[in-house]
There are 2 protein chains.
Amino acid sequence: MLVNGCETDLMDARDRGLAYGDGVFRTLRTQGRRPLWWRDHYAKLADDCAALMLTCPDEAMLHAEVCQVAEEGKGVVKIVLTRGAGARGYAPPSDQPLTRVVFHAPLPAHAQADAPEAITARWCVLQLARQPRLAGVKHLNRLENVLARAEWTDPSIFEGLLCDDLGAVIGGVMSNLLLMKEGELFTPDLGECGVAGVARTRLLRAVPRLGIPVHIGRLPPAAILAADEVMICNSVIGVRRVARLDETTWPHGNWTAILNSALYDDVD
Amino acid sequence: MLVNGCETDLMDARDRGLAYGDGVFRTLRTQGRRPLWWRDHYAKLADDCAALMLTCPDEAMLHAEVCQVAEEGKGVVKIVLTRGAGARGYAPPSDQPLTRVVFHAPLPAHAQADAPEAITARWCVLQLARQPRLAGVKHLNRLENVLARAEWTDPSIFEGLLCDDLGAVIGGVMSNLLLMKEGELFTPDLGECGVAGVARTRLLRAVPRLGIPVHIGRLPPAAILAADEVMICNSVIGVRRVARLDETTWPHGNWTAILNSALYDDVD
């Protein structure tokens, strides 16, 4: 584990990342001590930093730190960037260095190659608040995700789907949502809440090249239920088919494999 | 500074307080190495823990830690409680000890006895998102406050006032809002967003005993501008009169002194 480039598990307890969640993060896969999809992850990190008026660390330095903590075989690396430790009070200091935390974690069971292709999901009760200033950004204010994930303990349920307070479906607690309907791809608009993940971004770039029309927009729960195939995606699990959503089930379809190929084949 | 009762400035960089803002905090005044309004602060901390399904630490232990870090004279102590360090992923572990961070800070200039009784405020552009599940709670997801506070750097402006996305006034970036109009007290309802501070709670308990009617409800910006006296309050600054809000000014009034007395005279 590296904190500001030094091997340590410890950080300043006055850090604004702790005090206010004043920062952003990334969770990415590694293979052979190298990050997968690095260009996309760094671009997203830079965009998220800009949304919070943070200066993103140098790409080469961050890449070197990810490679340094990554272990042999397949794994996950998490990067946390915060506005640093220092002055009390909400006003963001302009002259203070960021805090960088970079650490490795083993690949979770559900991301192993032999994990099932299909998963079971449920609807969450919690409704996401709409905040356009923070929408799409993978920032450290994730209490909504924690509360939503706390709604179930049944280990057979892999993911919970969330709507906003107007009833639009936004995505999963830890994933983005994709639908196929009559050969066209639909995914929720994330202009008011949710996190725009790198796997979703890669798919939105790759799928049109396959000749599949893509629609980003408002999706009511009924649109999910009426879909031919429902999928979730993120950088760690890739694309997974939703076989069951509470009482609704879907038969096996081919789109999950097609989108997974598109996700991994896309330019790196 | 104490982290889990040990004298150190450092904490585990895998803490869920950093990862997700998964915790709550308090900022309270101390005098002669004792916390002011301790009973109210502990009650609020317990309520906020309950809202996040956290088990609040024992009152006597926490009180002892506050007294241990407090310095001579007047100061401020901050308490941060998080769901602890450990398992990755949003699911809250049930069996993991909380992290407690308790530290002292000097009394800020604007809270000194000789600080001016009146302040200048401005309207913020950022609109608070409405999330009833987190409303009122002083949790660690405070990016909205950081972004709102970043809207100005002019040191003559002390506070920014925030509305929600429906146009209701909620309060200040770091304070609660109070109005007097024709001898009655009005303060925004915090059922959908904002933080219900301890100073506000003490005033809502004390003011009716003075025979002053109290109204908690929806306040449009026009209600602020039409008020006889506008005030902000929190545990560190007490009650301060808003003398100017952008282009609107108010003459000196007596209510600020009356409410300040009520705030400090209330049962401790």
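The structure this text deals with has already been given above.
Residues numbered from 1 in each chain as written. Chains lettered and ligands numbered in written order. Predicted model: local features only at pLDDT ≥ 70, side-chain atom pairs only at ≥ 80, totals over all residues. Heavy atoms only, no water.

Side note on the sheet that holds strand 1 (residues 2-3) of chain B
Residue and element names in this part refer to chain B.
For step 1, the next point in the chain: If you walk across this open sheet you meet the six strands as 2-1-7-6-4-5, and the pairing is antiparallel. Strand pairing shows two members of the sheet lacking a second neighbour, strand 2 (6-7) and strand 5 (34-35), which therefore form its edges.
For step 2, the next point in the chain: Sheet analysis places strand 4 (residues 23-31) next to strand 5, joined by two bridges and oriented antiparallel. Paired with Gln31 across the two strands is Arg34, which belongs to strand 5.
For step 3, the next point in the chain: Where helix 3 (residues 59-69) meets the sheet, it contacts strand 1, strand 2, strand 4, strand 5, strand 6 (74-82) and strand 7 (99-106), and its direction lies at approximately 35 degrees from that of strand 7. (Pairing = 2+ DSSP bridges. Helix = DSSP H or I, 4+ residues; strand = E, 2+ residues; numbered from the N terminus. Contact = heavy atoms within 4.5 Å. Axes fitted to C-alpha atoms, helices over the stretch in contact; angles between N-to-C directions.)

What to know about the interface of chain B and chain A
For step 1, the next point in the chain: With 57 residues of chain B at the contact, the number on the chain A side is 57 residues.
For step 2, the next point in the chain: Of the roughly 4,700 Å² buried where chain B meets chain A, counting both sides, 66% is carbon and sulfur surface.
For step 3, the next point in the chain: Connecting chain B to chain A are four salt bridges.
For step 4, the next point in the chain: In this structure, the salt-bridge partner of A:Arg14 is B:Asp9, at a minimum N-O distance of 3.8 Å.
For step 5, the next point in the chain: The interface formed by chain B and chain A contains 15 residue pairs in polar contact (both at pLDDT 80 or more).
For step 6, the next point in the chain: In terms of residues, the side of chain B that touches chain A owes the most to one element, helix 4 (residues 143-149) of chain B, which gives six residues.
For step 7, the next point in the chain: Split into classes, the residues belonging to the side of chain B that touches chain A amount to 32 nonpolar, ten polar and 15 charged. (Buried area = accessible area lost by both parts, 1.4 Å probe. Salt bridge = Lys/Arg side-chain N within 4 Å of Asp/Glu carboxyl O. Polar contact = N/O pair within 3.5 Å; in protein donor to acceptor, adjacent residues only side chain to side chain. Nonpolar A, V, L, I, M, F, W, Y, C, P; charged D, E, K, R; others polar.)

Some words on the pairing of strand 13 (residues 214-217) of chain B
Residues and elements named next belong to chain B.
For step 1, the next point in the chain: The pairing of strand 12 (residues 184-188) with strand 13 spans four bridges and is classified as parallel. Along strand 13, the bridge assignment pairs Thr187 with Ile216.
For step 2, the next point in the chain: Running through helix 5 (residues 198-206), the crossover from strand 12 to the neighbouring parallel element strand 13 is right-handed. (Right-handed = clockwise from strand over helix to strand, strands pointing away.)

As for the packing of helix 2 (residues 38-51) of chain A against helix 3 (residues 59-69) of chain A
Residue and element names in this part refer to chain A.
For step 1, the next point in the chain: Two elements in contact, helix 2 and helix 3, have axes whose closest approach is 11 Å; the angle formed by their N-to-C orientations is 120 degrees. By the angle between their directions, the pair helix 2 and helix 3 is classed as oblique. Once helix 2 is placed against helix 3, the crossing between them reads as right-handed. Where helix 2 approaches helix 3, its residues Trp38, Tyr42 and Leu45 are matched on the opposing element by Glu59, Leu62, His63 and Val66.
For step 2, the next point in the chain: A breakdown of the residues in the contact of helix 2 with helix 3 according to their chemical character gives five nonpolar, one polar and one charged. (Parallel < 35°, antiparallel > 145°, perpendicular 65-115°, else oblique. Left-handed = near helix turned anticlockwise from the far one by under 90°.)

Some details on the relation of the copies chain B and chain A
For step 1, the next point in the chain: Between chain B and chain A, the superposition needs a rotation of 180 degrees and an axial shift of 0.0 Å, giving an RMSD of 0.0 Å. Overall, the copies show the geometry of a two-fold rotation axis.
For step 2, the next point in the chain: Comparing contact sets, 100% of the residues at the interface of chain B also lie at the interface in chain A, consistent with an isologous, same-surface contact. (Least-squares fit on C-alpha atoms with pLDDT ≥ 70 in both.)

What to know about the sheet that holds strand 6 (residues 74-82) of chain A
To summarise the sheet geometry, strands pair through backbone hydrogen bonds and adopt either a parallel or an antiparallel arrangement.
Residue and element names in this part refer to chain A.
For step 1, the next point in the chain: Read across the sheet, six strands follow the order 2-1-7-6-4-5 without closing on themselves; strand pairing throughout is antiparallel. Each edge of the open sheet is held by one strand with a lone partner, namely strand 2 (6-7) and strand 5 (34-35).
For step 2, the next point in the chain: In this fold helix 2 packs onto strand 4 (23-31), strand 5 and strand 6, with an angle of close to 175 degrees to the strand it touches most, strand 4.
For step 3, the next point in the chain: In the packing of helix 3 onto the sheet, the strands contacted are strand 1 (2-3), strand 2, strand 4, strand 5, strand 6 and strand 7 (99-106), and the crossing angle to strand 7 comes to about 35 degrees.

Looking at the pattern of salt bridges
Residue and element names in this part refer to chain A.
For step 1, the next point in the chain: For the structure shown, the criterion picks out 26 salt bridges over all chains.
For step 2, the next point in the chain: Note that Arg241 and Glu117 form a salt bridge whose closest N and O atoms lie 3.2 Å from each other. Of this pair, Arg241 sits in strand 15 (residues 238-245) while Glu117 sits in the loop between strand 7 and strand 8 (118-128), and the two are 124 residues apart along the sequence.
For step 3, the next point in the chain: For Arg241, a relative accessible area of 7% translates into the label buried.
For step 4, the next point in the chain: Its salt-bridge partner being Glu151, residue Arg122 comes within 3.6 Å of it at the nearest N-O pair. Of this pair, Arg122 sits in strand 8 while Glu151 sits in the loop between helix 4 (143-149) and strand 9 (159-164), placing them 29 residues apart in sequence.
For step 5, the next point in the chain: Owing to a relative accessible area of 18%, Arg122 belongs among the buried residues under this scheme. (Buried < 20%, exposed > 50% of the residue type's maximum accessible area, 1.4 Å probe, protein only.)

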